[in-house]
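One letter stands for each residue in the lines below.
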Amino acid sequence: MAPFGRLPAILSLLLVLHWELGAGSPTPDKATCIMNRPCSSNLMTQVKNQLEQLNSSANPLFVAYYTAQGEPFTKYVDRLCRKDLMSFPPFHANSTEKDKLVELYRVMAYFHLSLHDVMKCQKTLNPKDQNLHSKLNSTADTFRGLLSNVLCRLCDNYNVRLTDMINGLNTSEEDVFQKKRLGCQLLFKYKQVIAELAQAF
């Protein structure tokens, strides 16, 4: 997966990892990372299931999105949406579980915030497309559950506390066509990335 890059209307994502005892991994007996709820005993199974669910729904979401945008997107989807113009935080499938979870959080947090920008735009541009809105809302709900589970696993098993300052896609200053195009490119990239993430866990 490509490293971080810069793109018009894409704000940088910054995730700051705070280790309670300094730069290295904190020791379990001295860690102070505490969740406000107990973690599920089958947490990683839930994470895997959520990634599989997102992977299976990614292409239908992409199709619903570009279809809702109408011409020229339905006619020139390859040209307008399927160009790999976006770069994201790296993900290394062969890393330790802890490192994979940290990287998973970074990627999914970016997508989660970016999806909210897409949802906001589509409420204005395609307010009556219930199929698209249903798919967007369902994806956002799964994102929230996945991020919560990842944070719980990192805190409970690895004593990692994440303090994040994250920005995603921001199309507020773009014209209508560019809003549609950036959303389409985002969802195509998401479809590619989520397949890799689902295979890694």
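This text gives an overview of the structure that appears in the document.

**Focus: the packing of helix α1 (residues 43-69) against helix α4 (residues 130-158)**
- At a closest axis distance of 9 Å, the pairing of α1 and α4 adopts a crossing angle of 155 degrees. As far as their axial angle goes, α4 and α1 are roughly antiparallel. For the element pair α1 and α4, the recorded crossing hand is left-handed.
- Grouping the constituent residues of the contact of α1 with α4 by class yields 15 nonpolar, 10 polar and 2 charged.

**What about the pattern of salt bridges?**
- Going through the model one piece at a time under the given rule, you end up with 3 salt bridges.
- One salt bridge connects Arg153 with Glu97, and the closest N-O pair in it is separated by 3.0 Å. On the criterion of sequence distance, the pair formed by Arg153 in helix α4 and Glu97 in helix α3 (residues 97-125) is long-range, its members being 56 residues apart.
- Owing to a relative accessible area of 18%, Arg153 belongs among the buried residues under this scheme.
- Taking the relative accessible area as the measure of exposure, Glu97 reaches 24% and is therefore partly exposed.
- Between Asp141 and Arg144 there is a salt bridge, and its shortest N-O distance comes to 2.1 Å. A residue pair is termed a helical-turn pair when its members lie 3 or 4 positions apart in one helix, as Asp141 and Arg144 do in helix α4 at 3 residues.

The rules we used
Residues numbered from 1 in each chain as written. Predicted model: local features only at pLDDT ≥ 70, side-chain atom pairs only at ≥ 80, totals over all residues. Heavy atoms only, no water. Axes fitted to C-alpha atoms, helices over the stretch in contact; angles between N-to-C directions. Helix = DSSP H or I, 4+ residues; strand = E, 2+ residues; numbered from the N terminus. Parallel < 35°, antiparallel > 145°, perpendicular 65-115°, else oblique. Left-handed = near helix turned anticlockwise from the far one by under 90°. Nonpolar A, V, L, I, M, F, W, Y, C, P; charged D, E, K, R; others polar. Salt bridge = Lys/Arg side-chain N within 4 Å of Asp/Glu carboxyl O. Buried < 20%, exposed > 50% of the residue type's maximum accessible area, 1.4 Å probe, protein only.

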